[in-house]
Amino acid sequence: MADYNHKSVESKWQEYWKTNDTFISKVDPAKPKYYALDMFPYPSGAGLHVGHPLGYIASDIVSRYKRIKGFNVLHPMGFDAFGLPAEQYAIETGQHPAITTEENIKRYKEQLENIGFSFDWSTEVQTCDPKFYKWTQWIFMQLFNSWYDYNTNKAASIESLISTFETEGNSNVNAACDDDIETFSADEWKAFSEQEKEQVLLQYRLTYLSDAVVNWCPAMGTVLANDEIKDGVSERGGHPVERKKMKQWMMRITAYADRLLTNLEHLDWSESMKEMQSNWIGKSKGCELDFKVADHDITLTAFTTRPDTIYGVTYLVLAPEHDLIQTLTTADQKEAVEAYVTEAKNRSERERMADVKSVSGVFTGSYVVNPFTGENVPLWIADYVLAGYGTGVVMAVPSSDDRDYRFATHFDLPVVLVIEGTEALEDPTEKKHGVMINSGILDGMKSADAIQKAIDHAVEKGFGKAKVNFKIRDAVFSRQRYWGEPVPVYFEDGIPKLIDEQDLPLALPNIDKYKPTETGEPPLGRATDWKYKGQYDYELTTMPGWAGSSWYFLRYMDAQNEDAFVSQEAVAYWKEVDLYIGGTEHATGHLLYSRFWNLFLYDRGFIKHEEPFQKLINQGMIQGRSSLVYRVNNTNQFVSHGLRKDYETTAIHVDISMVRNDVLDTEAFKQWRPDLADAEFILEDGKYVCGSEIEKMSKRYYNVVNPDDIVEKYGADTLRLYEMFLGPLEQFKPWNTNGIDGVAKFLRKSWSLFHDGQGNFNVSDEAATKEELKVIHKAIKKAEEDIERFSFNTSVSTFMICVNDLTALKCNKREVLEKLVVIVSPYAPHIAEELWQLLGNQESVIKATFPQFDESYLTEDTFEYPISINGKMRTKIHIAVDMPKEEVEKMVLEDETVMKWTEGKTPKKVIVVPKRIVNVVL
RNA sequence: GCCCAGGUGGUGGAAUUGGUAGACACGCAGGACUUAAAAUCCUGUGGGCAUUGCGCCCGUGCGGGUUCAAGUCCCGCCCUGGGUACCA
């Protein structure tokens, strides 16, 4: 046996795990469960880069650790396989997206297997598999058949709503529903036609059809979510996006706004993650106040969080999209208003975002009455008011709101101060809270009290009520695309109906082209012979990418089940995900939608836990280091990094495989592209030095590092250890292999511990010395603590120290080395298996138990001595064990010195505390 | 603008509740082995002053503060990364 050979060892054990089904997990009530989950990848054509496995390695370490800690671990993997790139590719090449997707998945699986993950592939899910999306469609049907009852604060079946309608109409129903529902009695309900009834019910269902203003991307022929748009253009492809009204399936996530917010409290997520979600949900408490329009029979309702400033209202503003604008505009303002409204509507999102600072608006000519003062204030229109939030009407208080102030100053509207102390300020909005002045019945009160008083007053007089507003909007669920789950709906006389559950899955039909039809219908409009029961038209839109990913974590528990999306038994055992690892970019998308669907399924009794992800860790992105060359403008000359200031240059990304230590291989560069064949170089010190940039790892920057290459050169164990060693999991960090030799060296040293100088296995059965046991128990303790707090980088250091120490002691005792193998096995499983076998074990190291930490090996020379200082602060001091406590106390009291470390022992700390403040409690 | 996270040697990063700052690793320098190289091993490595005393001074973005003691807590700034975008 020669030196450690990672290639043969790693393939041997990967084969072993596969043939022995080592990681298959079955429900086992005798054992505690642990569910460790990664956000499943979208299988893109580019394959995995070294950033992808970062989170997978972490969750794999935890999974393997939990197994040797005696847990039954569910550690699955799957693919988020519906999506735009495959479809885009299909449009370009005519190839069915299922084929490209399958190829990509195959490649991903090979790459993943190279790294030695302990995934249970028997539970694999692919969202584009009809056996999987059958249940995505099924959940859609449950949502369609449900409504949200605010009285019980949970979702209920639509039948229960119908029976309420039949007995008492809808006046007592407190539901999450469309705003403009007319009240009806039980008799009126019964008198409705079937069609009318369906129309009414659609306004209550948790998924419903609506004329929504959507972001329509003409170039892609689809609707995009707000989070799919960056800077007014599509995130993918950068195509322009316009606003357009379309019939869309919607998800009534707003019904769950409050629970999505309050449940955050109990989740073990990072503060910033919770913050992001709660900002997105955007709960604000306030009230609605009614303003009568002077000389009209119309009342406008404004939402405000600051009713206390009502006496400072100097004008009202409507959103340009407001329905009553025409009615409320006076004849002489008509022209100006029309011009303004047209302009505001035509301004694209992009333009609106570009100039947040500019102020624009127009006077309607009408006035409204301040219900508190009875005074008239002018009614304006401005695009800083959004139609979609609150009521689309804002009561403007220039003295306490920045935008109102800017607007008022711009249009010379009056500013009435309502807070004491603002007189002295140049900009009164700098002080937003304080004692009220110029405020009639609120004078002299503090803002907080005045808010309550104002609301009470408004309620009493009947012109207002307390109201909670949310920023979060219902989610658009329709995509004008092919490569997604078909919506299991057909239309009978224009009424949407669910297909029969027996007919699920509703499979994607084959079509000739993947583009929208000539008449503008979604691609599914091209399908021939695709009608429900041969006669009714199917819904032609498909579900968005987040549909499948909103529940896939439940399917892993029982992936083969053909009778239910998950069995009650499986869900009762595996419960929620114990550890979920993935990127922050899903904060307001996937993570919110999943919580929504999970809550819904919980309400309807299909699962047993309210929240899907107990503990969430967001791994940081591994960035790439791109290399740049500098082309002298209008030439084919390239100037070295250090000399580029003397020329006018353009930086060009070059493939990092042509660059070593920032020096360009000029011959390879010339052969890279035909236009570079006659490139000339201006060198410094005889070399061409490249510039560099840290940025996202991406094909287009030529900076992608493939994990396969690292595995080939150093082995999977080294890659695993190194990715962990690179720094804290959550942190963003550039990929570099500068330190990878240190980790490789660690594995070689570990291997050497088990072998003599000639490479023969050489482990002794002699009893370990005290010193040796101390070294290993220190490592056991530290390794356990580190992994429990997900500090993987420090545990790698712990192993290195342990191996260094054992090497220095020339320790080759079985008793010690066996423990070492087990604690290192989650990180470097292949070498651990090999050593475990060499030690004479028949079974996988996965079946081992984590070594029991024994305090007594560490406490031999120190113990903890707690003292309290001034009765408030407390600290624990390690003191030498051979020093009697009495002597320590004497030292504290007499010498003003708590302790001294005995020579040569660690830690050798001397803490001097004046005796007047020391009170020994032990 | 607002919200969140962070700023520690030449580099990646340790320091779990306030208690030896810089663990571990890379890099670098010197040495051993070698004809030589690779590999391996040993020594040194925050800065400055001493290096005939193994000792002294400074040091965790900047400026203050609390404390016997601050990288850690408080106040005020600066910078970097992330989120968000007129939310009344």
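Residues numbered from 1 in each chain as written. Chains lettered and ligands numbered in written order. Predicted model: local features only at pLDDT ≥ 70, side-chain atom pairs only at ≥ 80, totals over all residues. Heavy atoms only, no water.

Regarding the overall build of chain A
Convention followed: The numbering of helices and of strands both runs from the N terminus, where a helix is a DSSP run of H or I of at least 4 residues and a strand a run of E of at least 2. Burial classes follow relative accessibility: with a 1.4 Å probe on protein chains only, a residue under 20% of its type's maximum area counts as buried, one over 50% as exposed, and anything between as partly exposed. It only takes one pair of heavy atoms within 4.5 Å for two residues to be counted as in contact. Using the Shrake-Rupley algorithm and a 1.4 Å probe, accessible areas are obtained, with residue cover drawn only from the displayed protein chains.
From N to C terminus, chain A includes 28 helices and 37 strands. Within chain A, the fraction of its 922 residues that count as buried is 53%. When contacts within chain A are restricted to residue pairs at least 6 apart in sequence, those whose partners lie at least 24 apart make up 71%. Of the accessible surface of chain A, which amounts to about 42,500 Å², a share of 47% is contributed by carbon and sulfur atoms.

Some remarks on helix H24 (residues 770-788)
Inclusion rule: Here the expected length of a helix is defined as 1.5 Å per residue gap, with one fewer gap than residues.
Relative to the 27 Å expected for 19 residues at 1.5 Å per residue, H24 spans 27 Å between its end C-alpha atoms, a close match to the ideal helical length. Three or more residues of H24 are buried, namely Glu772, Leu773, Lys774, Val775, Ile776, His777, Ala779, Ile780, Ala783, Asp786 and Ile787. In this structure, the buried side of H24 is in contact with helix H2 (53-68), helix H25 (792-808) and helix H26 (814-824). Positive backbone phi, approximately 55 degrees, marks phenylalanine 790, located one or two places after H24.

So, the pairing of strand S11 (residues 283-293)
The criterion, for reference: Any two strands between which DSSP finds at least two bridges are classified as paired.
In terms of strand pairing, S11 meets strand S17 (residues 464-470) through seven bridges, oriented antiparallel. Bridge pairing in S17 links lysine 283 to phenylalanine 470. The turn linking S11 back onto strand S12 (residues 299-304) is made up of five residues, and aspartate 295 within it adopts a positive phi angle of 65 degrees.

Describing the nonpolar core
How we decide: We call a set of buried Ala, Val, Leu, Ile, Met, Phe, Trp, Tyr and Cys residues a nonpolar core when their side-chain atoms join them within 4.5 Å.
Counting 186 residues, the largest nonpolar core has Tyr256, Tyr552, Phe565, Trp597 and Phe792 as its most contacted members. For this core, the element with the highest residue contribution is helix H5 (residues 130-144), accounting for nine residues. With residues up to four places along the chain from it excluded, the contact list for phenylalanine 792 reads Ala58, Ile61, Val62, Met724, Leu729, Ile787 and Tyr827. Membership of the second largest hydrophobic core comes to 48 residues, among which are Cys287, Leu289, Val418 and Ile455.

Describing the pattern of salt bridges
We count it as follows: Salt bridge criterion: a side-chain nitrogen from Lys or Arg within 4 Å of a carboxyl oxygen from Asp or Glu.
Summed over the entire model, instances satisfying the criterion amount to 35 salt bridges. Notably, a salt bridge pairs aspartate 211 with lysine 247, separated by 3.8 Å at the nearest N-O pair. A residue pair is termed long-range when its members are at least 10 positions apart, and aspartate 211 in strand S6 (residues 207-217) and lysine 247 in strand S10 (residues 242-251) qualify at 36 residues. The salt bridge partner of arginine 595 is glutamate 611, with a shortest N-O separation of 2.8 Å. Of the two residues, arginine 595 is situated in helix H19 (residues 590-603) and glutamate 611 in the loop between H19 and strand S24 (616-618); the sequence distance between them amounts to 16 residues. Given the relative accessible area of 0%, arginine 595 is considered buried. Since its relative accessible area comes to 8%, glutamate 611 is described here as buried. If you follow the salt bridges from partner to partner, you end up with Lys33, Glu576 and Asp578 in one network.

Some points on the confidence of the model for chain A
Just so we agree on the cut-off: Per-residue confidence from the predictor is reported as pLDDT, a score between 0 and 100.
Counting all residues, the mean pLDDT for chain A is 87, and 90% of those residues have values of 70 or more. Counting interchain partners and residues more than four positions distant, the pLDDT-below-50 stretch residues 860-864 has 25 contacts. Confidence drops under pLDDT 50 across residues 892-922; counting only partners more than four residues distant or on other chains, this segment forms 66 contacts. Predicted complex, confidence summary: ipTM 0.93, pTM 0.89.

Looking at the sheet that holds S24
Applicable threshold: Think of each axis as a best-fit line through the C-alpha atoms, taken over the contacting stretch in the case of a helix, with angles from 0 to 180 degrees between the N-to-C directions.
If you walk across this open sheet you meet the four strands as S2-S1-S23-S24, and the pairing is parallel. The sheet terminates laterally at strand S2 (72-74) and S24, the two strands that pair on one side only. The mean angle between the axes of side-by-side strands here comes to 15 degrees, regardless of whether they run parallel or antiparallel. As judged from the three bridges shared by strand S1 (residues 33-38) and S2, these two strands associate in the parallel manner. Its bridge partner lying in S2, tyrosine 34 is registered against valine 73.

What about empty space enclosed by the protein?
As a reminder, the rule being used: The way it works is a 1 Å grid over only the protein atoms, where trapped points that fit a 1.4 Å probe form a cavity and open points with protein on both sides within 12 Å along at least five of seven lines form a pocket, and then any residue with an atom within 4 Å of a point lines it. Grid points are joined across faces, edges and corners, and a volume is the space filled by probe spheres set on the points. All amino acids are sorted into three groups, where Ala, Val, Leu, Ile, Met, Phe, Trp, Tyr, Cys and Pro are nonpolar, Asp, Glu, Lys and Arg are charged, and the leftover types, Gly among them, are polar.
Considering all chains together, one arrives at two cavities of 30 Å³ or more under this definition. Counted as a void, the largest cavity has a volume near 80 Å³. Surrounding the largest cavity, Phe746, Leu747, Ser750, Phe754, Leu820, Val821, Val824, Ile831, Ala832 and Leu835 form its lining. Of all the elements in the fold, those that place two or more residues in the lining of the largest cavity are helix H23 (740-753), H26 and helix H27 (829-838). Estimates place the volume of the second largest cavity at around 30 Å³. Lining the second largest cavity, in full, are Tyr65, Ala783, Ile787, Phe799, Ile823, Pro826, Tyr827 and Phe850. Considered class by class, the residues forming the lining of the second largest cavity number eight nonpolar, no polar and no charged.

A word on the side chain of serine 825
In this fold, serine 825 is placed in the loop between H26 and H27. Looking at serine 825, the relative accessible area reads 4%, which means it is buried. Once residues lying within four places of it in the same chain are set aside, the contact partners of serine 825 are Arg64, Ile68, Ala832 and Val845.

Looking at the packing of aromatic side chains
Stated formally: Here a Phe, Tyr or Trp ring, Trp counted by its six-membered ring, pairs with any other such ring whose centre lies within 6.5 Å, and the pair is stacked when the planes are under 30 degrees apart, edge-to-face when over 60, and tilted otherwise. Only when the NZ of Lys or the CZ of Arg is both within 6 Å of the ring centre and within 35 degrees of the ring normal is a charge said to sit over the ring.
Considering all chains together, one arrives at 65 aromatic pairs under this definition. Aromatic side chains tryptophan 135 and tryptophan 138 sit 5.8 Å apart centroid to centroid with 70 degrees between the ring planes, which places their arrangement in the edge-to-face category. Of the two residues, tryptophan 135 and tryptophan 138 are both situated in helix H5; the distance of three residues between them amounts to about one turn of the helix. For tryptophan 135, a relative accessible area of 5% gives the class buried. Judged by relative accessible area, which is 9%, tryptophan 138 ranks as buried. Sitting over the face of the ring of tryptophan 17, arginine 64 holds its NZ or CZ atom 4.7 Å from the ring centroid.

Remarks on the sheet that holds strand S20 (residues 495-498)
The antiparallel open sheet is built from four strands, whose spatial order is S20-S19-S22-S21. Two strands in the sheet have a free side with no partner beyond their single neighbour: S20 and strand S21 (531-532). Pairing of strand S19 (residues 489-492) with strand S22 (residues 536-538), which is carried by two bridges, proceeds in the antiparallel orientation. Residue pairing across strands places tyrosine 490 opposite tyrosine 538, the latter belonging to S22.

Focus: the environment of asparagine 279
Structurally, the position occupied by asparagine 279 is in helix H10 (residues 271-281). Residues asparagine 279 and phenylalanine 470, spaced 191 residues apart in sequence, show a C-alpha to C-alpha distance of 9.7 Å.

Thoughts on the packing of helix H3 (residues 84-93) against helix H4 (residues 97-114)
Our working definition: Convention used here: angles under 35 degrees read as roughly parallel, angles over 145 as roughly antiparallel, angles from 65 to 115 as roughly perpendicular, and any remaining angle as oblique. For any helix crossing, the convention is left-handed if the near helix is rotated counterclockwise from the far helix by under a right angle, and right-handed if that rotation is clockwise.
Between H3 and H4, the least distance of the axes is 8 Å, while the angle of their chain directions is 125 degrees. Judged on the interaxial angle alone, H4 and H3 are oblique. The way H3 lies across H4 gives a crossing that is right-handed. Between H3 and H4, the residues in contact are Ala86, Glu87, Tyr89 and Ala90 and Pro97, Thr100 and Thr101, respectively.

So, helix H15 (residues 447-461)
Under the 1.5 Å per step criterion, the end-to-end length of H15 is 21 Å for 15 residues, consistent within 8% with the ideal 21 Å. For H15, the elements touching its buried residues are S11 and S17. Looking one or two residues past H15, glycine 462 carries a phi angle of roughly 80 degrees, positive in sign.

Topic: the packing of H2 against helix H22 (residues 716-725)
Angle between the axes and distance between the axes: these two values describe a pair of packed helices. At their nearest, the axes of H2 and H22 sit 10 Å apart, and the two run at 105 degrees to each other. With respect to H22, the axis of H2 lies roughly perpendicular. Contacts from Pro53, Leu54, Ile57, Ala58, Asp60, Ile61 and Arg64 in H2 reach Leu719, Arg720, Glu723 and Met724 in H22. Residue classes in the contact of H2 with H22 are distributed as seven nonpolar, no polar and four charged.

Some words on the side chain of threonine 314
To keep it simple, the criterion reads: Counted as a polar contact is a pair of N or O atoms within 3.5 Å, where, for protein atoms, one must be capable of donating a hydrogen and the other of accepting one, and residues adjacent in sequence contribute only when both atoms are in side chains.
Inspection of the secondary structure puts threonine 314 in the loop between S12 and strand S13 (315-318). For threonine 314, the side chain forms a polar contact with the main-chain oxygen of proline 414, separated by 3.0 Å. In contact with threonine 314, not counting residues within four places along its chain, are Val377, Pro378, Ala396, Pro398, Pro414, Val415 and Val416.

A few points about the environment of leucine 508
Relative to the helices and strands, leucine 508 resides in the loop between S20 and S21. As for leucine 508 and aspartate 563, which are separated by 55 residues in sequence, their C-alpha atoms are 21 Å apart. With residues near it in sequence (within four places) discarded, leucine 508 still touches Phe82, Tyr133, Tyr482, Trp483, Gly484, Pro486 and Leu524.

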